[in-house]
Amino acid sequence: MEKPVIVVSFPAGPEGRALLDAELAEAAPLVFLKDLEGTEHRRRALESADILLSFMTGTEIPSSELPLLKKMKLFQSLLAGVDALPFSLIPKDSFVCCNAGAWADPIAEHALGMALALGKRLLPLHRKLARGEFDNSCKNLWFRGSTATIVGFGGIGTAVARLFRELGMKIRALNTSGRTTEPVDWVGTLDDLEEAVRDAAVVVLSLPLTKRTRGLIGERQLGWMRKDAILVNVARGALVQEKALYDHLRENPCFMAGLDTWWVEPPTHGEFRTDFPFFELENVLGSPHNSNLVEGIFPLALKSAADNIRRFLANEPLVGVVDPSEYL
C-alpha cells in the first residue's frame, strides 16, 4: 500500500526538518515546498499531498494553488488560530486541525504580565517618575481574592487560569460546553457572558475568532464590566469592536486594556494600523502580537503538530479539529 505524502509548506529550517524526519518520515514521505524549483514541481507536490502542514498559509501557498490539494485529507496548522485560513478552497472532506494548546504557556505568561503591569500602574507611574513626579498616592490592584474571567477555556485559557490561580484569584471560565475538569470557581458558556464578567477584576479573551465571536465585545458588553476592570486580549483583535473599546477607555480612565492582538496586522493586512488613537491613552498597554514568541517554543509547537499528524496516520482521535462552517 502506498504511503500518504506529507507536504510542508513553510521553511522549517535544519532543526525543524530533523524533528519532522524523526517524528514522521518512517510513516510517510515528507516533501518540503522550499526545496522545489519551478511551478511544475510545486504543482505535482501539492497534487500528491495527503497531508499539508502549514504555518502562515496565505504567504506560503497562493490561493491559485490551493485547488491543487484535491487529495488532501488533513490540513494541520502550526498556529492555534485558523480564522485566516481560506476554508472555501480547502476540500470539504478533509480534516482541518489547529495546533491546540501548543503555544499556550508563553501566551498565558504574556496575559499575566499585561494584567500585572496594568493593575500595578507600572507604565503611567514610570512616565511620572521620568518627568520628576514622585506620585505614590495611586492605589494598585491587589489581585488576591479578586476574580479573573477567562473567555475561551481551551489550551490557552486553562494555562492562563493556572497562573492567575497562583495569585489567589477566583476563576470563572467560559467555553462551548459549560463544563471543565479544571479547578475553577464557576463555568458557563458564551450565553453566560454577562454574569461572568459583571464583577471580574480581570477579563481575558482567549477564544477563537469565528462567525459567532467576531465583535463579541462591544459597548453593551464593556458596560457590564467593572469601571476599573482590566481587559486582556491575547486572541484576535476582531473579537472586540474597535470604536466601542476606544470610547470606553477614553470615557472610563480607570478601565484598562492590554492588547496583544489588533484589528489590522501585517501578516493578514500588510500593515499595522488602528483607526483610533489608542496610544494616546494612559490606560492602554500594547504589544505587537508576540505573546507566543519565546526562545525554544517553535520546536515544541512543531512537535505538537507532528504528534497530531502521527495520530491521523495511526487512525487515532485527532486534537484541535475545527468546524469550517463556524468560519465560512
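Summary of the structure given here. Treat the numbers as computed from the prediction; the structure is a model and nothing was measured.

Next up on the list: the environment of glutamate 15. Of note, glutamate 15 is situated in helix α1 (residues 13-24). Judged by relative accessible area, which is 66%, glutamate 15 ranks as exposed. With 253 residues separating them along the chain, glutamate 15 and threonine 268 place their C-alpha atoms 27 Å apart.

What follows deals with the side chain of glutamine 76. Looking at where glutamine 76 falls in the secondary structure, it is placed in strand β4 (residues 74-77). Overall, the relative accessible area of 0% leaves glutamine 76 in the buried class. With sequence-adjacent residues up to four places away left out, glutamine 76 is seen in contact with Leu52, Leu53, Ser54, Cys97, Cys98, Asn99, Ala305, Asn308 and Ile309.

Before going further, it helps to spend a moment on the pattern of salt bridges. Taken as a whole, this structure holds 24 salt bridges when the rule is applied. Here glutamate 65 and arginine 42 are joined by a salt bridge, their closest N and O atoms 2.6 Å apart. Placement of the pair is glutamate 65 in the loop between α3 (57-60) and β4 and arginine 42 in helix α2 (residues 39-48), with a sequence separation of 23 residues. Under the relative-accessibility criterion, glutamate 65 is labelled buried at 14%. Arginine 42 sits in the buried class, given a relative accessible area of 18%. The partner of arginine 250 in a salt bridge is glutamate 251, and the shortest N-O contact between them spans 3.9 Å.

Another point: the side chain of threonine 149. Mapped onto the fold, threonine 149 is located in strand β6 (residues 147-151). Leave out the neighbours within four places in its chain, and threonine 149 touches Arg172, Ala196, Val197, Ala200, Val202, Val203 and Val204.

Turning to the sheet that holds β6, a few remarks are in order. Here seven strands make up an open sheet; going across it, the order is β8-β7-β6-β9-β10-β11-β12 and the pairing parallel. What marks the edges here is a single partner per strand, and that holds for β8 (186-188) and β12 (284-286). Across the sheet, the mean angle separating the axes of adjacent strands is 15 degrees when strand polarity is ignored. Those strands touched by helix α9 (residues 242-251) are β10 (230-233), β11 (256-259) and β12, and its axis lies near 140 degrees from that of β11.

The next thing to look at is the packing of aromatic side chains. All chains considered together, the criterion is met by 13 aromatic pairs. On the numbers, 5.5 Å between centres and 80 degrees between planes, the contact of tyrosine 246 with phenylalanine 278 is edge-to-face. With tyrosine 246 in helix α9 and phenylalanine 278 in the loop between α10 (266-269) and β12, this pair connects stretches of sequence that are 32 residues apart. Among the residues examined, tyrosine 246 registers a relative accessible area of 9% and is labelled buried. Against the face of phenylalanine 32 rests arginine 17, its NZ or CZ located 4.2 Å from the ring centre.

Cut-offs applied
Residue numbers here run from 1 along each chain, matching the order of that chain's written sequence. Side-chain atom pairs in this predicted model are given and counted only at pLDDT of 80 or more, local residue features only at pLDDT of at least 70, and totals for whole chains, interfaces and linings cover all residues. Only hydrogens and water are set aside when side-chain values are computed; all heavy atoms of the structure are taken into account. Runs of H or I in DSSP of at least four residues are treated as helices and runs of E of at least two as strands, each being numbered from the N terminus. The classification of residues rests on relative accessible area computed with a 1.4 Å probe and restricted to protein chains. Under 20% of the type maximum is buried, over 50% is exposed, and intermediate values are partly exposed. Any pair of residues with heavy atoms lying within 4.5 Å of one another is described as a contacting pair. Just to be clear on terms, a salt bridge is a Lys or Arg side-chain nitrogen sitting within 4 Å of an Asp or Glu carboxyl oxygen. Following DSSP output, two strands are said to pair if at least two bridges run between them. For helices, the fitted line uses only the C-alpha atoms of the stretch in contact; every axis is such a line through C-alpha atoms, and the angle between N-to-C directions lies from 0 to 180 degrees. Classification of ring pairs uses Phe, Tyr and Trp, with its six-membered ring standing for Trp, and accepts pairs whose centres are within 6.5 Å; under 30 degrees between planes counts as stacked, over 60 as edge-to-face, and the remaining range as tilted. Should the NZ of a Lys or the CZ of an Arg lie within 6 Å of a ring centre and within 35 degrees of the ring normal, that charge is described as sitting over the ring.

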